[in-house]
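Structural overview
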Amino acid sequence: MWGCGALLGARTRSRLWREVLVAWGRRWSAAAPYSASAEPSRVRALVYGHHGDPAKVVELKDLELAAVGGSDVHVRMLAAPINPSDINMIQGNYGLLPKLPAVGGNEGVGQVVAVGSSVTGVKPGDWVIPANAGLGTWRTEAVFSEEALIGVPSDIPLQSAATLSVNPCTAYRMLMDFEQLQPGDSVIQNASNSGVGQAVIQIAAALGLRTVNVVRDRPDIQKLTDRLKSLGAEHVVTEEELRKPEMKNFFKDMPQPRLALNCVGGKSSTELLRHLAPGGTMVTYGGMAKQPVIASVSQLIFKDLKLRGFWLSQWKKDHSPAQFKELILTLCSLIGRGQLTAPACSEVPLQDYQRALEASMQPFVSSKQILTMC
């Protein structure tokens, strides 16, 4: 399924969501601006007590909701995606691992139900997203500290808000931070149908950059090609086509890329390097093939290619919360102008999490699984 709105159009669906949520938020704000004295309630959450196969270690459990303190925010989660980093965390092979037992999920959007007496940045009814990874978004409700949240406009599509804080941020920073690209310059990337890949295509188009988008061959390759081009991709080629000698002629009609974005590794990354312009940079942000990046001596010496890495969590450590919020608001502006949409996704009710986890780990699935809490 390519779109999130299987039953309703995306715009109609978002409008209905907003109407329901605004009414719900008003009811809460009128009844309970502060909830520190409210009776403890229980929430449903996807919890794992040890690392391993997500389909085996993740369980849907009832948790007690903490009381709201002075600097706390009671949030009702609306939607939360399943990202590769979420899977890696559960497996125990990610660079950032929470203390166990842990609630899964690093990304999502929720609506503020109530706030503590010293909270000034958000109010009941506002939409919020996590400021950092490890918050545990796969749950129906939670009480978070105000500093753990960033407010976002509630008039953007629900799916865009739910998938805002990881992939689009990664895409934007990689496009901006490694090469001084100008309109008309080109970028080449693999895993172009991934969440980051789709964001790269759209943000690059908004910046006037040309993209060469590499994907694995598959039975529905034309459907995928059409989808990526509808997002703004100029060229879509398969891994096999990229290896053909004819690709040399391809770059006679457009400038050689100065920036390559690698999420695969192995032979795929070697091919990206082969087509980079002299002095260009390849940024690695993932390793789907679980194979090393290999650069030839001649590429390093005679083409002076640069190999870099990017991890959004490290970027946030190196920058202030205000700078991350500025990044989020920049992306919200692109969303508001229609220049950045959510990745292709499938909504799955929280109770059907097993199906969503299994689908998220299948090859050739271009649809991101989003857990819905209602």
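Residues numbered from 1 in each chain as written. Predicted model: local features only at pLDDT ≥ 70, side-chain atom pairs only at ≥ 80, totals over all residues. Heavy atoms only, no water.

This part is about the sheet that holds strand β1 (residues 42-48). Spatial strand order, β2-β1-β4: 3 strands in an open sheet with antiparallel pairing. Edge positions in the open sheet fall to β2 (58-64) and β4 (102-103), since each of these has one partner strand only. Of the pairings in the sheet, the one linking β1 to β2 comprises 7 bridges and is antiparallel in character. Bridging across to β2, Val 43 finds its partner in Leu 63. Each of β1 and β2 touches helix α14 (residues 353-360); the most contacted strand, β2, lies at about 135° to it. (Pairing = 2+ DSSP bridges. Helix = DSSP H or I, 4+ residues; strand = E, 2+ residues; numbered from the N terminus. Contact = heavy atoms within 4.5 Å. Axes fitted to C-alpha atoms, helices over the stretch in contact; angles between N-to-C directions.)

Time to look at the side chain of Asn 262. When you line up the elements, Asn 262 lands in strand β12 (residues 259-262). Classification of Asn 262 by relative accessible area gives buried; the value is 0%. Within polar-contact distance, the side chain of Asn 262 engages the side chain of Thr 284 at 2.9 Å. (Buried < 20%, exposed > 50% of the residue type's maximum accessible area, 1.4 Å probe, protein only. Polar contact = N/O pair within 3.5 Å; in protein donor to acceptor, adjacent residues only side chain to side chain.)

Moving on, we come to the nonpolar core. In terms of nonpolar packing, the biggest core is built from 47 residues, with Leu 175, Ile 203, Leu 261, Ile 328 and Leu 331 touching the most fellow members. Leaving out residues up to four positions away in the same chain, Leu 331 has contacts with Leu 164, Pro 168, Cys 169, Tyr 172, Ile 203 and Leu 340. Within the second largest apolar cluster, 31 residues are counted, among which are Tyr 48, Ala 142, Leu 149 and Leu 350. (Core = buried A, V, L, I, M, F, W, Y, C linked by side-chain atoms within 4.5 Å.)

Attention now goes to helix α7 (residues 221-231). By the burial criterion, the buried members of α7 are Leu 224, Thr 225, Arg 227, Leu 228 and Leu 231. Seen end-on, α7 carries its buried residues on one side only, within an arc spanning 165°. Exposed and facing more than 90 degrees away from the buried side of α7 are Gln 222 and Ser 230. Tucked inside the fold, the buried residues of α7 contact α6 (195-206), β10 (210-215) and β11 (235-238). (Arc of directions from axis to C-beta.)

On to α14, then. For α14, every residue scored as buried is listed here: Tyr 353, Ala 356 and Leu 357. Buried residues in α14, looked at end-on, bunch into an arc of 100°, giving them a common side.

Once that is clear, we can look at the packing of helix α5 (residues 167-177) against α6. The N-to-C vectors of α5 and α6 enclose an angle of 50°; their axes lie 8 Å apart at closest approach. Looking at the two axes, α5 sits oblique to α6. Every pair of crossing elements has a handedness; the one defined by α5 and α6 is right-handed. On α6, the residues that touch Asn 167, Pro 168, Thr 170, Ala 171, Tyr 172, Met 174 and Leu 175 of α5 are Gly 195, Val 196, Ala 199, Val 200, Ile 203 and Ala 204. The residue inventory of the contact of α5 with α6, partitioned by class, reads 10 nonpolar, 3 polar and no charged. (Parallel < 35°, antiparallel > 145°, perpendicular 65-115°, else oblique. Left-handed = near helix turned anticlockwise from the far one by under 90°. Nonpolar A, V, L, I, M, F, W, Y, C, P; charged D, E, K, R; others polar.)

On average, the protein scores 89 in pLDDT, and the residues at 70 or more come to 88%. Predicted confidence is poor over residues 1-17, with pLDDT under 50, and the contacts of this stretch with residues over four places away or in other chains come to 29 contacts. Every residue in residues 19-39 scores below 50 in pLDDT, and together they form 25 contacts with partners more than four places removed in sequence or on other chains. (pLDDT = per-residue confidence, 0-100.)

On to the sheet that holds β10, then. One open sheet accounts for 6 strands, arranged β11-β10-β9-β12-β13-β14; its pairing is parallel. One side of each edge strand has no neighbouring strand; the edge strands of this open sheet are β11 and β14 (306-309). Strand after strand, the sheet turns through a mean of 20° between neighbouring axes, direction not considered. Bridge analysis of β12 against strand β13 (residues 281-284) gives 4 bridges, and the strand direction is parallel. Bridge pairing links Ala 260 to Met 282 in β13. On the sheet, α6 packs against β9 (186-189), β10 and β12 and is oriented at approximately 175° with respect to β9. Sheet strands touched by helix α10 (residues 266-275): β9, β10, β12, β13 and β14. Its angle to β12, the strand with the most contacts, is close to 175°.

On the surface, a nonpolar cluster with roughly 590 Å² of combined accessible area is contributed by Val 293, Val 297, Leu 300, Ile 301, Phe 302 and Leu 307. In terms of residue count, the dominant contributor to the nonpolar patch is helix α11 (residues 297-301) (3 residues). Tracing the sequence through the fold places Leu 307 in strand β14. Judged by its relative accessible area of 40%, Leu 307 is partly exposed. (Patch = residues over 30% accessible without salt bridge, like charges linked within 9 Å, V, L, I, M, F, W, Y side chains within 5 Å. Areas by Shrake-Rupley, 256 points an atom, 1.4 Å probe, with all protein chains shown as cover. Salt bridge = Lys/Arg side-chain N within 4 Å of Asp/Glu carboxyl O.)

Right, let's get into the packing of aromatic side chains. Within this structure, the stated rule accounts for 3 aromatic pairs. Arranged with centres 6.3 Å apart and planes meeting at 85°, the rings of Phe 178 and Phe 310 form a pair that is edge-to-face. Of this pair, Phe 178 sits in the loop between α5 and β9 while Phe 310 sits in the loop between β14 and α12 (312-318), placing them 132 residues apart in sequence. Here Phe 178 and Phe 310 have matching classes, each one buried. Between the NZ or CZ atom of Lys 316 and the centre of the ring of Phe 324, over which it lies, the distance is 4.4 Å. (Phe/Tyr/Trp six-rings, centres within 6.5 Å; stacked < 30°, edge-to-face > 60°. Lys NZ or Arg CZ within 6 Å of the ring centre and 35° of its normal.)

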